[in-house]
Amino acid sequence: MKKIIVAIDGYSACGKSTTAKLVAAQLNYAYIDTGAMYRAVTLYFIENHIALTNPKEVTQALRDINISFQPNPKTQRSDTYLNGINVENEIRKMYVTQQVSPVSAITEVRKTLVAEQQKMGKRKGVVMDGRDIGTTVFPEAEVKVFMDADLTVRAHRRQKELMEKGETLNLEEIVHNLKERDRIDTTREESPLRKAADAHYLDTTYMTIDEEVEYVLHLATSRIISLNKSNSTIC
Ligand code: DC
């Protein structure tokens, strides 16, 4: 059975990772959260006081960083590890979130993580979510989805997510952070966030997670079926 790559890009808090995780589980594919990788690098930079404007320091730091994903039997999900330490909770905190866009705009950071992500998806059978998967990491991905949603709805979703983790933030603060991240993510020089020409645009403002999953799964299964059909015809 031939496998495919499902690339899900879009703005923060549009439901990308929740949808991607569920789609991956249904297809029995690996889920790769590329945002977690940028967050782990950001955490390392903060903890080690790396000057973002010093290319030598950044390059050396990137050599010292090892990021991996390991299954967590309690949550049945994968946790992010930074140099062998579980940082899944830490990287979601607001002090990391506030720094992640400037860190992910650094060319060296992007080059390193994009190469890592390409290795992870080399054998296909992955659902990857991020900002540049369909444009830069896997421009040849068989299914590309670009997610968007109303800013206030996104802020409410993020506030709920943070609350569940014990962080209370007011809506204005979250709106400000989302706007700022959108600005940096879409205007950076290196692989800015934009919809790939062949990506399916999905506005999730009025959609439930189940509907989002169904939409992406339909695209993916159709593609898998047609790919395997044409393959068997050739044989
Ligand atoms: O998906 P997220 O909110 O966890 O991502 C955190 C940040 O990482 C986001 O603001 C931009 C950056 N990012 C990126 O530049 N490229 C990716 N492929 C994934 C995330």
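Residues numbered from 1 in each chain as written. Predicted model: local features only at pLDDT ≥ 70, side-chain atom pairs only at ≥ 80, totals over all residues. Heavy atoms only, no water.

**A word on unusual backbone geometry**
Stage number 1. With a phi angle near 65°, Asn28 is a residue other than glycine that sits in the positive phi range.
Stage number 2. Within the secondary structure, Asn28 sits in the loop between helix 1 (16-27) and strand 2 (30-33).
Stage number 3. Judged by relative accessible area, which is 66%, Asn28 ranks as exposed.
Stage number 4. With a phi close to 45°, Asn83 is a non-glycine residue in the positive phi region. (Helix = DSSP H or I, 4+ residues; strand = E, 2+ residues; numbered from the N terminus. Buried < 20%, exposed > 50% of the residue type's maximum accessible area, 1.4 Å probe, protein only.)

**Points about the nonpolar core**
Stage number 1. Membership of the largest hydrophobic core comes to 33 residues, with the highest contact counts inside it found for Val41, Phe45, Ile67 and Val109.
Stage number 2. Breaking this core down by element, the ones donating at least two residues are strand 1 (5-10), helix 2 (34-47), helix 3 (55-64), helix 4 (94-104), helix 5 (107-120), strand 6 (126-130) and helix 6 (133-137).
Stage number 3. The greatest single-element share of this core, amounting to eight residues, is contributed by helix 2.
Stage number 4. Once residues lying within four places of it in the same chain are set aside, the contact partners of Val41 are Leu62, Ile65, Ile67, Val103, Val109 and Leu113. (Core = buried A, V, L, I, M, F, W, Y, C linked by side-chain atoms within 4.5 Å. Contact = heavy atoms within 4.5 Å.)

**Looking at the side chain of Asn228**
Stage number 1. If you trace the backbone, Asn228 turns up in helix 9 (residues 209-234).
Stage number 2. Among the polar contacts made by the side chain of Asn228, one reaches the main-chain amide nitrogen of Lys2 at a distance of 2.6 Å.
Stage number 3. Look past the residues within four positions of Asn228 in its chain and what remains in contact with it is Met1 and Lys2. (Polar contact = N/O pair within 3.5 Å; in protein donor to acceptor, adjacent residues only side chain to side chain.)

**Some remarks on the site of the ligand**
Stage number 1. Around the ligand, the structure places 15 residues, and the nearest of them are Arg39, Arg110, Asp132, Arg181 and Arg188.
Stage number 2. Here an oxygen atom of the ligand and a side-chain polar atom of Arg181 are 2.9 Å apart.
Stage number 3. Relative to its unbound accessible area of 450 Å², the ligand is 96% covered by the protein chains.
Stage number 4. Counting residues per element, the ones that place at least two in the shell around the ligand are helix 2, helix 4 and helix 8 (171-187). (Near = heavy atom within 4 Å. Areas by Shrake-Rupley, 256 points an atom, 1.4 Å probe, with all protein chains shown as cover.)

**A word on the sheet that holds strand 5 (residues 85-86)**
Stage number 1. As summarised here, the arrangement of the three strands in space is 3-4-5, forming an open sheet in which the pairing is antiparallel. The two strands at the open ends of the sheet, each matched to only one other strand, are strand 3 (67-72) and strand 5.
Stage number 2. In this sheet, strand 4 (residues 77-82) lies alongside strand 3 in antiparallel orientation, the contact comprising six bridges. Along strand 4, the bridge assignment pairs Phe69 with Thr80. (Pairing = 2+ DSSP bridges.)

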